[in-house]
Amino acid sequence: YSWGAVAAGLIGISLMCLYRLRAGAQSAALPLPFYLSLGALGFMFILCTAQTQLLIGLGRQRQMFILNALSAWLYLGLLWSLLKSGQMVWAFPIAQFSFLAVPTALSWWLAREELPGVRLLDFRWTPGCAQLFAELWIAAAPAFLCQLVMLVLYAADGIMAQQLLGTGASDVVYAASLFTN
């Protein structure tokens, strides 16, 4: 997953830089670091998913579900707080980063209780890895489906921003659409 996370981050950053060149994105006049932060969240998303799914493999589903629930509430609470404090478009990448960073760190900590040598990132690829990857790929499909469902659930960012900030919040709703479209 380490290589996949890096690839997702690079692809995300590249795509967001290309997206920034579009006329609609240029009219929003958002700074380059904003787009880079959105692209980098792809790396965090893969890393977070791998760490929390590791808990399932270790038979710690209860902890994983608790982490997911706490993270969702953290995200919504932080997003609400940042929007109310006037952070506007930056509220989205900041809240999303916290949503991903907290469960990643806690999942890694929980996994280390049972697997003391487990690394957060591991770029080693042995011949046995390819065989194991092929065997696990079919079993991993439900986890990928779960990620798709989560993406749809978080598509409500724009609606929430519109409700909190009123009809004049077009730039915030635009930022939310970057996460959901």
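Preceding this section is the structure that the text describes.
Source: prediction; values computed, not measured. (Residues numbered from 1 in each chain as written. Predicted model: local features only at pLDDT ≥ 70, side-chain atom pairs only at ≥ 80, totals over all residues. Heavy atoms only, no water.)

1. A short note on the overall build of the protein chain
Thinking step 1. For the protein chain, the count of helices and strands is eight helices and zero strands.
Thinking step 2. Looking at the protein chain alone, contacts between residues at least 24 apart form 71% of all its contacts between residues at least 6 apart.
Thinking step 3. Total accessible area on the protein chain is roughly 10500 Å²; 72% of this is exposed by carbon and sulfur atoms. (Helix = DSSP H or I, 4+ residues; strand = E, 2+ residues; numbered from the N terminus. Contact = heavy atoms within 4.5 Å. Areas by Shrake-Rupley, 256 points an atom, 1.4 Å probe, with all protein chains shown as cover.)

2. A closer look at the pattern of salt bridges
Pairs can form between side chains of opposite charge once their charged atoms are near each other.
Thinking step 1. Under the definition given, this model contains two salt bridges.
Thinking step 2. Residue Glu113 is joined to Arg60 by a salt bridge in which the shortest nitrogen-to-oxygen separation is 3.1 Å. Separated by 53 residues along the polypeptide, Glu113 in helix H5 (residues 91–114) and Arg60 in the loop between helix H3 (32–57) and helix H4 (61–84) bring together distant segments of the chain.
Thinking step 3. We note a salt bridge from Arg60 to Glu114, for which the minimum N-O separation is 3.7 Å. Taken together, the residues span a long stretch of sequence, with Arg60 in the loop between H3 and H4 and Glu114 in helix H5 at a distance of 54 residues.
Thinking step 4. For Arg60, a relative accessible area of 12% puts it in the buried group.
Thinking step 5. Under the relative-accessibility criterion, Glu114 is labelled partly exposed at 40%. (Salt bridge = Lys/Arg side-chain N within 4 Å of Asp/Glu carboxyl O. Buried < 20%, exposed > 50% of the residue type's maximum accessible area, 1.4 Å probe, protein only.)

3. A closer look at a nonpolar patch on the surface
Thinking step 1. Taken together, Ile11, Leu15, Leu18 and Leu21 make up a surface patch of nonpolar side chains, about 430 Å² in accessible area.
Thinking step 2. Assessed through its relative accessible area of 57%, Leu21 is described here as exposed. (Patch = residues over 30% accessible without salt bridge, like charges linked within 9 Å, V, L, I, M, F, W, Y side chains within 5 Å.)

4. Some details on the nonpolar core
Thinking step 1. If you look at the biggest cluster of nonpolar residues, it comprises 19 residues, and the most contacted ones within it are Phe34, Tyr35, Tyr75, Leu79 and Leu100.
Thinking step 2. The biggest single contributor to this core is H3, with six residues. (Core = buried A, V, L, I, M, F, W, Y, C linked by side-chain atoms within 4.5 Å.)

5. Structural notes on the environment of Ala69
Thinking step 1. One can find Ala69 in helix H4.
Thinking step 2. When the C-alpha atoms of Ala69 and Pro103 are compared, they prove to be 9.9 Å apart, with 34 residues separating the residues in sequence.

6. Here's the deal with the environment of Ile11
Thinking step 1. Locating Ile11 in the fold gives a position in helix H1 (residues 2–20).
Thinking step 2. In this structure, the C-alpha to C-alpha distance between Ile11 and Ala40, residues 29 residues apart in sequence, is 8.9 Å.

7. With respect to H4
Helical periodicity: at 3.6 residues per turn, an α-helix aligns residues three or four positions apart in one direction.
Thinking step 1. End to end, H4 covers 34 Å across 24 residues, agreeing with the expected 34 Å (1.5 Å per residue, within 8%).
Thinking step 2. Every buried residue of H4 is accounted for by Met64, Leu67, Ser71, Tyr75, Leu79, Leu82 and Leu83.
Thinking step 3. The positive-phi residue at the C-terminal boundary of H4 is Gly86, with phi of around 90°. (Expected span 1.5 Å × (residues − 1).)

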